[in-house]
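# Structural overview for review
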Amino acid sequence: MGLFQYIETSVENEIGFITLNRPKQLNALNRTMVGEIVSAAEEFDRDTQVKVILLSGHGKAFSAGADIDEMANDNPVRLELLNQFADWDRLSLVKKPIIGAVKSFVFGGGFELALSCDLLIAAGDTLFSFPEVTLGVMPGAGGTQRLTKLVGKTKALEWILTAERINAETALKYGIINKIVAPELLMEEAIAFARKITAQPSLAVRMIKDSVNKAVDYSLYEGMQYERKNFYLLFASEDQKEGMAAFVEKRKPNFTGR
Ligand code: CAA
């Protein structure tokens, strides 16, 4: 794993941990930090010891958004040449499931990072918000697109236009998060959640994530064709043979990830 300045990484029990590590700035995301998050996720994606990636933040908050100091003097030409959001596109290409464990402020780019995860566990004190409008800008790392696809136009527009802070209960009600847990149990619960997925055959997990994500972009017909191909492909895996043999033989399967 590469050496990182703004994040920490580790691997334990088939979970690859990425922890945002700028707690004094409430894990505000500077460009280097986003690059590090994506590089670490890509490395874990290729690491056979890792089945699930767990993204969280050190300190009080998950992330208070993009680093305002860094972008205060930006201009469109510099932004176009930097092409910083290409890093966010790379994150969408990671094939293993990414679980976000979020708490306190999940604002702006921090909310966009959370929305880039596949599953979210939130502490009861979590507040989600897109405050960009109050800075004279708007979300730029997928917020207007991902939130709208997730909750529909009505609430997305309301929340992004007013910068309203959404609490964990509301986020759960609208399907933004999977589960609310006590703040002191956040990592414990997130790890327990991740272990439910590491226990599954990893090729099936991979194909399921791939197929479900296609439902966001594809028509129903295209998505059905795509799903079918992934379904067929799993019959080339040893885990399919093992899973079905174990069922017939009334024993526990021994999955190898092949
Ligand atoms: N960028 C840079 N620094 C930030 C930051 C950010 N997004 N958020 C917090 N910080 C820094 C603060 O400047 C402060 O630093 P100092 O101690 O050096 O003064 C430190 O983190 C602690 O923050 P606060 O003292 O403000 O903490 P608080 O508990 O009083 O308030 C908060 C917390 C309400 C989240 C407040 O920090 C805040 O409003 N932050 C900005 C949130 C925001 O507007 N985010 C959107 C950014 S734009 C974006 O994300 C664009 C995009 O789509 C890519």
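Since the model is a prediction, treat every value here as computed from it, not as a measurement.

## Side note on the overall build of the protein chain
The secondary structure content of the protein chain amounts to 12 helices and 9 strands. Computed over its C-alpha atoms, the radius of gyration of the protein chain comes to 19 Å, within 12% of the 18 Å expected for a compact globule of 258 residues. With the C-alpha coordinates of the protein chain rotated into their principal frame, the extents come out at 65 × 40 × 40 Å. Residue burial in the protein chain is summarised as follows: out of 258 residues, 35% are buried. The long-range share in the protein chain, meaning contacts at least 24 apart out of those at least 6 apart in sequence, stands at 70%.

## As for the site of the ligand
Ala64, Gly65, Ala66, Gly108 and Gly109 are the nearest of the 21 residues found near the ligand. Among the elements of the structure, α2 (68–71), β5 (105–107) and α5 (109–116) are those that each provide at least two residues to the shell around the ligand. Split by residue class, the shell around the ligand holds 11 nonpolar, 6 polar and 4 charged.

## A closer look at the sheet that holds strand β7 (residues 127–129)
In space, the 3 strands of this open sheet follow the order β5-β7-β8, with mixed pairing throughout. Single-partner strands in this sheet number two, and they are β5 and β8 (166–167). Across 2 bridges, the pairing between β7 and β8 is antiparallel. Note on β8: the bridge partner recorded for Leu127 is Asn167. Running at roughly 90 degrees to β5, α5 makes contact with β5 and β7 of the sheet.

## Concerning the confidence of the model for the protein chain
Summary statistics for the protein chain give a mean pLDDT of 97 and a share of 100% for residues scoring 70 or more. Our summary of model confidence lists the complex with pTM equal to 0.97 and ipTM equal to 0.97.

## Focus: the nonpolar core
Core analysis: the biggest nonpolar cluster contains 56 residues, and Ile53, Leu54, Ile99, Val106 and Ala114 have the highest contact counts within it. With residues near it in sequence (within four places) discarded, Ile53 still touches Gly16, Ile18, Ala41, Phe44, Lys96 and Ile98.

Cut-off values and rules
Residues numbered from 1 in each chain as written. Predicted model: local features only at pLDDT ≥ 70, side-chain atom pairs only at ≥ 80, totals over all residues. Helix = DSSP H or I, 4+ residues; strand = E, 2+ residues; numbered from the N terminus. Rg over C-alpha atoms; globule rule 2.2 N^0.38 Å. Buried ≥ 20, exposed ≤ 12 C-beta atoms within 10 Å, placed from the backbone. Contact = placed C-beta atoms within 7 Å. Near = placed C-beta within 6 Å. Nonpolar A, V, L, I, M, F, W, Y, C, P; charged D, E, K, R; others polar. Pairing = 2+ DSSP bridges. Axes fitted to C-alpha atoms, helices over the stretch in contact; angles between N-to-C directions. pLDDT = per-residue confidence, 0-100. Core = buried A, V, L, I, M, F, W, Y, C linked by C-beta atoms within 7 Å.

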